[in-house]
Amino acid sequence: MYLLFCLCLSLVGTYGWSDNRQRKFKDDFLFGAATSAYQVEGAWNLDGKTENVWDKYFHQHPEVITDGRNGDVASDSYHQYKRDVELLRELGVDFYRFSISWNRVLPTGFSNIINEKGVQYYDNLINELLKYNIQPMITLFHFDLPQTLQDLGGWANPLSIEWFEQYAHVVFNKYANKVKYWITINQPNDICIDGYENGKWPPAVDSKGIGAYICIKNVMIAHAKVYRLYEKEYKNKYKGSVGIALAVNWLEPLNNKTENVEITEQYREFMLGTFINPIWSKEGDFPRIVKDIIAKKSKEQGFTRSRLPTLNTEEIKLLKGSSDFLGINHYTTSLVSRSKTQHPSPSFNDDVGVQLSKRSEWKMAKSPWLASAPYGIYKVCIHINLKYDYPPIIITEHGWSTGPGLQDDDRANNLREYMKAILLALEDGTNLKGYTAWSLIDNVEWVAGTSERFGLYEVDFDSEEKTRTARLSAHVYKRLIHTRVVEDNWKPKSMKMKISDRKYKEPKVDL
Ligand code: NOJ
């Protein structure tokens, strides 16, 4: 009896639930699936599209791609988009999150020339979605900056703010009448830290402790300017929502040693607060602790001013409230402890001073950074609720990587467990509007190429048509969307997919 009591207590402690009530997603909770342009479209130089930073980087450095497969052809969604929409119809999702390739629409990177063939491609995709009452959710920028703009400094150049605004203006003018959900920028932390600090991603600028912070300021302001642009010129007429998608994984102390607890709180402010605080906190601006640490270290390092650029009063005002929803891309949890290694000074790693690890009992995906810890999504929601006063949230990405194969029990289980945690977060008051599975189809996972598969649908990259086939997880997700509950042991009778019997309403927009 005592043992049973302890077991219950530890279950409650671990998962936070204590009863067997069946929890259900309400009818207005939205389900979607996501991809991004570079990762799926292919057609890298067709119909007027020009070179972006990933094209250039991978063409010059094929050796950095795990399996050598770049985005030149990828999943060929440029030609297979109707099949992609068919998959979305099979699943019965409410929306499809995809991104626009800046170069496909503006071949010079600037708004002086508009590539009508590129505009037509996205128009066709949007129309195909709306025909089946699947709402498009468009990401304006998902890592693929035009190379012409990179040659001028990319996101390290404050003019990037204007370039992004001009690009967004063109896109809004073309599609705002049909698209209600917009995401300005995907994962600013990766753009800036991987691109301008540690040299992992193009433009691979190695400017430790400096480049990433300049980039972060510009990217955040670019986001806010585009939010204000929509607010001013389109919002009244089209009533759409504009948000930003941030990488929001959960961070918790390795153990309850005070130094680890303290440094975890600090690290959360660096990784989450830097991007959330300027938009959702009452006072705005970057978090105080982040400003203080970087200023102090900069002084010790002999700089005459902080390496973190300041936001002036006008910029703080511009950023505050500049999002209708907070998009969170959540995949995993990391354990944080004080770093034992001496990092180069200055550097971002030196500023944050942490090292990360995973619990040995967590199941690992194909990607070395991805461990399954479902309670993390619950904790992250509660953290955001308490700190930022219950902002509207859309989970704009969550997923799991495997190797090839249709029987992806691990992905299906990961989906079920995270969905249970999301139901609990909803029950505890999180203002969560929707969930997006990453990804609809296998695609180019950046430097991992196609060695890490994230698709609900497998893509046969060797076939002419990049054949898409439903995995077990696609069936499980479809069933969940239909029943609105998580069923642990449900299995499809056959792996053959049919169009979901979800009733489609007439699209509200004239095509
Ligand atoms: C987040 C990124 O937005 C997406 O491009 C990537 O494929 C997934 N994480 C998985 O790593």
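Residues numbered from 1 in each chain as written. Predicted model: local features only at pLDDT ≥ 70, side-chain atom pairs only at ≥ 80, totals over all residues. Heavy atoms only, no water.

As recorded in an unreviewed UniProt entry, the chain goes by the name Myrosinase 1-like, listed as coming from Galleria mellonella. In UniProt, the chain has this text filed under Sequence similarities (unreviewed entry): "Belongs to the glycosyl hydrolase 1 family." (UniProt positions renumbered as here; feature names shortened; annotations may be inferred.)

(A) Seen up close, helix 3 (residues 53-60). Listing the buried residues of helix 3 in full gives Val53, Trp54, Asp55, Tyr57 and Phe58. Of the surrounding secondary structure, the elements contacted by the buried residues of helix 3 are helix 2 (37-40) and helix 7 (147-150). The opening residue of helix 3 is asparagine 52, an N-cap whose side-chain oxygen sits 3.0 Å from the backbone nitrogen of tryptophan 54. (Buried < 20%, exposed > 50% of the residue type's maximum accessible area, 1.4 Å probe, protein only. Helix = DSSP H or I, 4+ residues; strand = E, 2+ residues; numbered from the N terminus. Contact = heavy atoms within 4.5 Å. Polar contact = N/O pair within 3.5 Å; in protein donor to acceptor, adjacent residues only side chain to side chain.)

(B) Here's a closer look at unusual backbone geometry. Cis rather than trans, the peptide bond between proline 202 and proline 203 has omega equal to 10°. In this structure, proline 203 sits in the loop between helix 9 (188-196) and helix 10 (211-233). You will see that alanine 74, though not glycine, has its phi angle at about 45°, which is positive. You can see alanine 74 is positioned in the loop between helix 3 and helix 4 (77-91).

(C) Molecular detail of the packing of helix 17 (residues 409-427) against helix 18 (residues 472-483). Running from amino to carboxyl end, helix 17 crosses helix 18 at an angle of 25°, the nearest separation of the two axes being 7 Å. It follows from the interaxial angle that helix 17 and helix 18 lie roughly parallel. When you trace helix 17 past helix 18, the crossing you get is right-handed. Along the contact surface, helix 17 presents Asp409, Arg411, Ala412, Leu415, Arg416 and Met419, while helix 18 presents Leu472, Ser473, Val476, Tyr477 and Leu480. (Axes fitted to C-alpha atoms, helices over the stretch in contact; angles between N-to-C directions. Parallel < 35°, antiparallel > 145°, perpendicular 65-115°, else oblique. Left-handed = near helix turned anticlockwise from the far one by under 90°.)

(D) Focus on the pattern of salt bridges. Overall, the coordinates contain 35 salt bridges when judged by the stated rule. Of the charged contacts in the structure, one is a salt bridge between arginine 468 and aspartate 84, with a shortest N-O distance of 2.9 Å. Highlighted residues: arginine 468 in strand 15 (residues 468-470) and aspartate 84 in helix 4, separated in sequence by 384 residues. Each member of the pair, arginine 468 as well as aspartate 84, is classed as buried. Close ionic contact of aspartate 409 with lysine 491 constitutes a salt bridge, the shortest N to O distance being 3.1 Å. Taken as a pair, aspartate 409 in helix 17 and lysine 491 in the segment after helix 18 lie far apart in primary sequence, 82 residues in all. (Salt bridge = Lys/Arg side-chain N within 4 Å of Asp/Glu carboxyl O.)

(E) A look at the side chain of asparagine 218. Relative to the assigned elements, asparagine 218 resides in helix 10. Of the residues examined, asparagine 218 reaches a relative accessible area of 6% and is grouped as buried. Not counting residues up to four positions away in its chain, the partners in contact with asparagine 218 are Trp155, Ala156, Asn157, Pro158, Ser160 and Ile161.

(F) Fine view of the pairing of strand 4 (residues 181-186). Of all 6 residues in strand 4, 5 are buried; the element is thus mostly enclosed. Pairing of strand 3 (residues 135-141) with strand 4, which is carried by 4 bridges, proceeds in the parallel orientation. What sits directly across from isoleucine 138, in strand 4, is tryptophan 182. Sheet analysis places strand 4 next to strand 5 (residues 241-247), joined by 4 bridges and oriented parallel. What sits directly across from tryptophan 182, in strand 5, is valine 242. (Pairing = 2+ DSSP bridges.)

(G) Highlighting the environment of tyrosine 57. The topology assignment puts tyrosine 57 in helix 3. Considering only alpha carbons, one finds tyrosine 57 and serine 160, 103 residues apart in sequence, at a separation of 20 Å. Beyond its immediate chain neighbours, meaning those up to four positions away, tyrosine 57 contacts Val64, Gly199, Lys200, Pro202 and Ala204.

(H) Just the site of the ligand, in detail. Taken together, 13 residues surround the ligand, and among them Gln39, His142, Asn186, Glu397 and Glu445 come closest. Between the ligand and tryptophan 438, the relevant distance is 3.3 Å, taken from an oxygen atom to a side-chain nitrogen or oxygen of the residue. With the chains in place, 94% of the 300 Å² that the ligand exposes on its own is no longer accessible. (Near = heavy atom within 4 Å. Areas by Shrake-Rupley, 256 points an atom, 1.4 Å probe, with all protein chains shown as cover.)

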